[in-house]
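Coordinate inspection notes
Residue strings, one per chain:
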2 protein chains.
Amino acid sequence: MNGLEIKEPFHVRRPVSPASLLVQNILARVGNPPVRVILWDGTVIAPPGGPPELSIRFRKKSALFHLFLDPEAYFGEGYASGLIEIEGDLVRFLETIYLSLSGIKISPIWSLFPKRARNNQSRSLQNIHSHYDIGNAFYRLWLDPEMLYTCAYFPRPDMSLEAAQTAKMDYVCHKLQLRAGEEVVEAGCGWGALALYMAKYYGVRVKAYNISREQVSRARKRAAEEGLSGRVEFIEEDYRKIRGQFDAFVSVGMLEHVGPENYQALGGVIHGCLKERGRGLIHTIGRNSPATLSEWVEQKIFPGAYPPTLKEMMAVFEPCSFSICDIENLRLHYWKTLEHWLFRFDAAEETINRMFDPAFTRAWRLYLAGSLVAFKTGTLQLFQVVFTRDRNNEIPWSRDYIYGKV
Amino acid sequence: MNGLEIKEPFHVRRPVSPASLLVQNILARVGNPPVRVILWDGTVIAPPGGPPELSIRFRKKSALFHLFLDPEAYFGEGYASGLIEIEGDLVRFLETIYLSLSGIKISPIWSLFPKRARNNQSRSLQNIHSHYDIGNAFYRLWLDPEMLYTCAYFPRPDMSLEAAQTAKMDYVCHKLQLRAGEEVVEAGCGWGALALYMAKYYGVRVKAYNISREQVSRARKRAAEEGLSGRVEFIEEDYRKIRGQFDAFVSVGMLEHVGPENYQALGGVIHGCLKERGRGLIHTIGRNSPATLSEWVEQKIFPGAYPPTLKEMMAVFEPCSFSICDIENLRLHYWKTLEHWLFRFDAAEETINRMFDPAFTRAWRLYLAGSLVAFKTGTLQLFQVVFTRDRNNEIPWSRDYIYGKV
């Protein structure tokens, strides 16, 4: 390690220790990011020129050893347990690591281990249950009141999260060209906000599918409260069970959970349910080039999740010859959305600690901060894909239908 | 063939002849389109309910026999030679055939034969020479005065071709976010209109590559005439020879000629020449699902050409981890563009007959009409893809940068 200095609080130089060799090895494997390392005994290992305000502190020897063995899988666990602490701003620390990793095919939060299991219907149920059914009360603490757990759309970066989530729903409706009286199917409807919005403001009838029991239960309650039960039907069922004929197909934030092995089947479902002049929109987290999520995120946070590249996504569309009309990348909007969520999450820290425990809180903070940084650094993308049937000529002449110059 | 009637001019029924069996076989293979067939001896074979105004006439037995052997390869040849004639509107006739072919994996103009040769630099030169160097005077007869031989952009469908080609250039400049003083490289610059437009109206410096000698020669002449030679350099060279560092990469209507085997190399060229904050735009004919051009188009009109699907196109972008910002499908605009070209082409028929010969005129009319119908029926697409480097965060917040609400 050229230039690495090993310091004690009083900057007394000491001979190189076994621990400092492990630290040097780990730092080298992630591209030598400019961060300070503080060991359990107070030893400071600092690269010259690194910002003194960003440090990673190991509370025990075992944490350093585990990180050495498998940086990617252990960082999240060590951080959640408190054996690894970040001093200074967590987001800035993670960003430093991500940028240092540029071009290196390993990443502490999102990475390459190809350990995904295939998502059949029973595994999908299990996966979705473990993430979405941990309690509506928890999500209510840091999502907007409509409880949209997907990227918002900020026509102006300074608008509120609430306004941006409404703008997102409206943007999706515009892109789908919804007309009053039409039939819409939604695959993966979360807590039902978009389905209710489409029915209320665009006068359509909606069948909305979701396999998360807690989400469907709350969505039905809202539909009843708002007098929309007759026009919005929430169905606790897998997307593979969609039946009927619809003018529009919409799916916001579900494809991440579908798994590439099921894309062609999803395309078949859409092919089977879309009318001749039907339009579709899929909104999903994606990537520039293929990679799986990190083991830690995949095991602890989002089992079965996989953000596809556009090339991989085309397996949904090409076999049935769907025509892609419009693709937009909104990754900066997810960065902004996650800033809002993380801010609210941190403000609710005490409540979340009481609701679960500090290790849960720390794991989720790391997941939110890591996601924020992934979108900020271009490690993750957010694609909105609008499509229609190949023979449909009733497609808009230009994008004026979205941007209101008609 | 249930319901096919064989008629003479005076509707006298006759026993089924060998010729009528060939006709029935050919019609069945292309999905039984509702068109009348007229044989060399005046026999009329008409499906019930078919529009009497659309007929295909065989001048000789040999033409019917050749079409029977290889409908896809021979139709163009037979039509060009005059042995096959279409009575009624050619575009309507071809549209009837395309729609009848829906779902059938053969098409008379664009189809499935995988006979493309790989496009190395010398073959590229040969291919481009055979299409683009047949004389600027010929193209001047039916293109707009700027000589843009790619899809125009019609913000209003009723605008003139001239206005729509200017709108297209402006649209491309907006999507590229060109700023005065920037350096732009154009791969495949045609007769130079876009390069000159960017320099003149956006104040950028352009290096424009093209391997068509006739096009480069005219482009240089125009640059000199307009006093832009100092700011626009036309280089008679293959895109693989691009050197330098640029703020923007643009390619309008070249990818069709590149060939999928070279997409990754093209991506490498872009990766090598795009600055850290650089943007790129590729405008290309494409498809919903993979297929090659018909043998006839590939051999007689556009050697080496291949319109890719989005999935195939991603081979340009994914290996270097480019970030796709925006994809728009403008196929209706190419339909409209081709209507203008075909109208002007037909108006110039006599001149073109004198310049070449009637067989050439007929072949090109079929190519233009067939292309028009391919875009109209959704057999071909037109993709504009905007991209940037993966780490570039100086990307627009929303599409206001294109649609002028900033």
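Residues numbered from 1 in each chain as written. Chains lettered and ligands numbered in written order. Predicted model: local features only at pLDDT ≥ 70, side-chain atom pairs only at ≥ 80, totals over all residues.

1. Considering the overall build of chain A
The number of helices and strands found in chain A is 17 helices and 12 strands. Here chain A has a C-alpha radius of gyration of 23 Å; the compact-globule value for 406 residues is 22 Å, and the two agree. Projected onto the principal axes, the alpha-carbon positions of chain A cover approximately 75 × 45 × 40 Å. Long-range contacts, defined as pairs at least 24 residues apart, comprise 73% of the intrachain contacts of chain A with a sequence gap of at least 6. (Helix = DSSP H or I, 4+ residues; strand = E, 2+ residues; numbered from the N terminus. Rg over C-alpha atoms; globule rule 2.2 N^0.38 Å. Contact = placed C-beta atoms within 7 Å.)

2. Things to note about the nonpolar core
Counting residues in each nonpolar core, the largest one holds 244 residues, and the members touching the most others are Met198(A) and Met198(B). Contacts of Met198(A), omitting those with residues within four sequence positions, involve Cys173(A), Leu178(A), Val184(A), Val204(A) and Val206(A). (Core = buried A, V, L, I, M, F, W, Y, C linked by C-beta atoms within 7 Å. Buried ≥ 20, exposed ≤ 12 C-beta atoms within 10 Å, placed from the backbone.)

3. A word on the relation of the copies chain B and chain A
Two copies of a chain can be linked by a rotation about an axis combined with a shift along that same axis. For the pair chain B and chain A, the best superposition has an RMSD of 0.0 Å and corresponds to a rotation of 180° with a translation of 0.0 Å parallel to the axis. Classification of the inter-copy transformation places it as that of a two-fold axis. A high fraction, 100%, of the interface residues of chain B reappear at the interface in chain A, so the copies pair face to face through one surface. (Least-squares fit on C-alpha atoms with pLDDT ≥ 70 in both.)

4. Considerations on helix H8 (residues 193-202) of chain B
All names here are of chain B. Within H8, 8 of the 10 residues are buried, which leaves the element mostly enclosed by the surrounding structure. Taken together, the buried positions of H8 are Ala193, Leu194, Ala195, Leu196, Tyr197, Met198, Ala199 and Tyr202. In the core, the buried residues of H8 are packed alongside helix H7 (161-176), strand E6 (183-187), strand E7 (205-210), helix H9 (213-225), strand E8 (232-236) and strand E9 (246-252).

5. Considering the packing of helix H14 (residues 331-347) of chain A against helix H16 (residues 358-376) of chain A
Each pair of packed helices can be summarised by the angle the axes make with each other and by the distance between the axes. Residue and element names in this part refer to chain A. Two numbers describe how H14 lies on H16: the axes approach to 8 Å, and their chain directions differ by 155°. One finds that H14 runs roughly antiparallel with respect to H16. For the pair H14 and H16, the sense of crossing is left-handed. Mapping the contact onto sequence places Arg331, Tyr334, Trp335, Leu338, Glu339, Trp341, Leu342 and Phe345 in H14 and Trp364, Arg365, Leu368, Ala369, Ser371, Leu372, Phe375 and Lys376 in H16. (Axes fitted to C-alpha atoms, helices over the stretch in contact; angles between N-to-C directions. Parallel < 35°, antiparallel > 145°, perpendicular 65-115°, else oblique. Left-handed = near helix turned anticlockwise from the far one by under 90°.)

6. A short note on the domain arrangement of chain A
Note: interface size is frequently given as the accessible area lost on complex formation between the parts. Residues and elements named next belong to chain A. Each assigned domain of chain A is listed here: domain 1 (11-100) and domain 2 (121-403). Put simply, the middle of domain 1 and the middle of domain 2, counted by C-alpha atoms, are 36 Å apart. Each partner contributes to the interface: domain 1 provides 15 residues, whereas domain 2 provides 16 residues. Put simply, the parts of the chain that give the side of domain 1 that touches domain 2 at least two residues each are helix H3 (71-81) and helix H4 (90-100). The leading source of residues in the side of domain 1 that touches domain 2 is H3, at 8 residues. Looking at the side of domain 1 that touches domain 2 residue by residue, the classes come out as 9 nonpolar, 3 polar and 3 charged. (Domains from an automatic or database assignment. Nonpolar A, V, L, I, M, F, W, Y, C, P; charged D, E, K, R; others polar.)

7. Side note on the interface of chain B and chain A
The interface of chain B with chain A comprises 30 residues on the first partner and 30 residues on the second. Looking at the side of chain B that touches chain A, the elements with two or more residues in it are helix H13 (310-317) and strand E11 (323-329) of chain B. Looking at which element gives the most residues to the side of chain B that touches chain A, the answer is E11(B), with 7 residues. A class-by-class count of the residues in the side of chain B that touches chain A yields 12 nonpolar, 11 polar and 7 charged. Where strand E11 (residues 323-329) of chain A lies against E11(B), 3 bridges are found, and the strand directions are antiparallel. When the bridges of E11(B) are listed, Glu328(A) appears paired with Asp326(B). (Pairing = 2+ DSSP bridges.)

8. Points about the environment of Glu233(B)
All names here are of chain B. Within the secondary structure, Glu233 sits in strand E8. As for Glu233 and Ala187, which are separated by 46 residues in sequence, their C-alpha atoms are 12 Å apart. Those residues in contact with Glu233 that lie beyond four places of it in its chain are Lys207 and Ala208.

9. Re the pairing of strand E12 (residues 381-388) of chain B
Residues and elements named next belong to chain B. Most of E12 sits out of view: 8 of its 8 residues are buried. Burial of E12 is two-sided: the residues Gln381, Phe383, Val385 and Phe387 facing one way and the residues Leu382, Gln384, Val386 and Thr388 facing the other way are all buried. Bridge count between strand E10 (residues 274-286) and E12: 8 bridges; the pairing is antiparallel. Counted as the bridge partner of Arg279 is Thr388 from E12. Relative to E12, E11 runs antiparallel, the two being bridged by 6 bridges. What sits directly across from Ser323, in E12, is Thr388.

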